Amino acid sequence: MFKHFGRSNILCLCKRYYVRLIEVGQLNVPKPIEKYETGQLFFHRIFGYRGVILFPWLARVYDRDVVIKAENATGKDIKGKTHTYYQTLIDERDCPFIRAQTEAVTFLGNQDTSRSLYAIPGLDYVAQEDILPYTATEKQPLQHELFDKFLMYYPNKEPPFGAQETLRSWQKKNHPWLELSDVHKETTENVRVTVIPFYMGYRESQTNSVYWWRYCIRLENLGEQSVQLRERHWRIFSLSGTLETVRGRGVVGQEPLLSKKSPAFQYSSHVSLQAPSGHMWGTFRMEREDGHLFDCRIPPFSLESKPDDKVTFNTV
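Parameters and conventions
Residues numbered from 1 in each chain as written. Predicted model: local features only at pLDDT ≥ 70, side-chain atom pairs only at ≥ 80, totals over all residues. Heavy atoms only, no water. Phe/Tyr/Trp six-rings, centres within 6.5 Å; stacked < 30°, edge-to-face > 60°. Helix = DSSP H or I, 4+ residues; strand = E, 2+ residues; numbered from the N terminus. Buried < 20%, exposed > 50% of the residue type's maximum accessible area, 1.4 Å probe, protein only. Pairing = 2+ DSSP bridges.

A. Examining the packing of aromatic side chains more closely. Scanning the entire structure with this criterion turns up 16 aromatic pairs. Between the aromatic rings of tryptophan 234 and phenylalanine 301, the centroid separation amounts to 6.1 Å while the plane-to-plane angle is 90°, which identifies the pairing as edge-to-face. Of this pair, tryptophan 234 sits in strand β16 (residues 227-238) while phenylalanine 301 sits in strand β21 (residues 293-304), and the two are 67 residues apart along the sequence. For tryptophan 234, a relative accessible area of 3% corresponds to the buried category. Judged by its relative accessible area of 1%, phenylalanine 301 falls in the buried class.

Below is the structure:
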């Protein structure tokens, strides 16, 4: 998918085998600090897809890159800094062209008779700095099955879309599974890894309880040379006292190449423990285009359960 941002007009290529540029809107001035409102249309600064903001989250960002590198800083706590992220919908027309999974939001149906894993398609979490706001020229600015259910058109409002009661009810009902609370970042040899963990719920049997989490990982190449992810190496510690090691080729069946043309890749995965909390950390084995191999650190992050996870949820 190609987008041209000249003269504040946005031209979009949505066909695969021939070039057809259409104007989809006009760019607005990005807000570095002030929050965007529900209904704001945007382009993702990294992945380029069209989206719409549903509601904001305040997250604690633990960035290991900002820790003082002096020797006397060793062992100091990394303090989280509050930052705004947004729950967003992705335009389904753009999903085939972006290097990110579009069903990253999942949770367990915590009913006695249900053992289903629910996936909500086309949702994403987007940081304030990744939002490129725009005003659409299309009559139907975003294609997603939840767009008309969640948002209503208000011709005299800016942005001209606002929340319906169904969106507010859905947010309140699914809050424990959607809430973004912690974000962890670390950079190794110009490759930045960002991790966002989410608690999904638990399954109880006569013999034990199994707690589940999902984690969303973004890799970004900040350097000049292309790099490719070859292997993953995870360490998973459970409060029950177990330490598990996981090794394997690539991630989610892929060995993504991070180049100047496509510098980022995002995916989600899941982990389970037989305890209500634990920790994860590890490395990605990366290969630069010059053949240099190095281990890219995955910042450590906590896996914490929530006390109110017996609420019954239904899919939208």
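B. Region of the structure containing the pairing of strand β5 (residues 50-63). Burial within β5 is extensive, with eleven of its 14 residues counted as buried. Note: strand β4 (residues 41-44) against β5, three bridges, orientation antiparallel. Note on β5: the bridge partner recorded for phenylalanine 43 is arginine 50. The hairpin formed by β4 and β5 contains five residues between the paired strands, and glycine 48 there has a positive phi angle of roughly 80°. Where β5 meets strand β6 (residues 81-90), ten bridges bridge the pair, whose relative direction is antiparallel. Its bridge partner being in β6, leucine 58 is matched across the sheet by threonine 84. One ladder, built from four bridges, connects β5 with strand β13 (residues 182-188); its direction is parallel. Its bridge partner being in β13, arginine 60 is matched across the sheet by aspartate 182.

C. Inspection of the pairing of strand β9 (residues 123-127) at higher detail. Across the five residues of β9, five count as buried, placing the element largely inside the fold. With burial as the criterion, each face of β9 is covered, one bearing Leu123, Tyr125 and Ala127 and the other bearing Asp124 and Val126. Bridge count between β6 and β9: five bridges; the pairing is antiparallel. Across the sheet, the residue bridging to tyrosine 86 is valine 126, located in β9.

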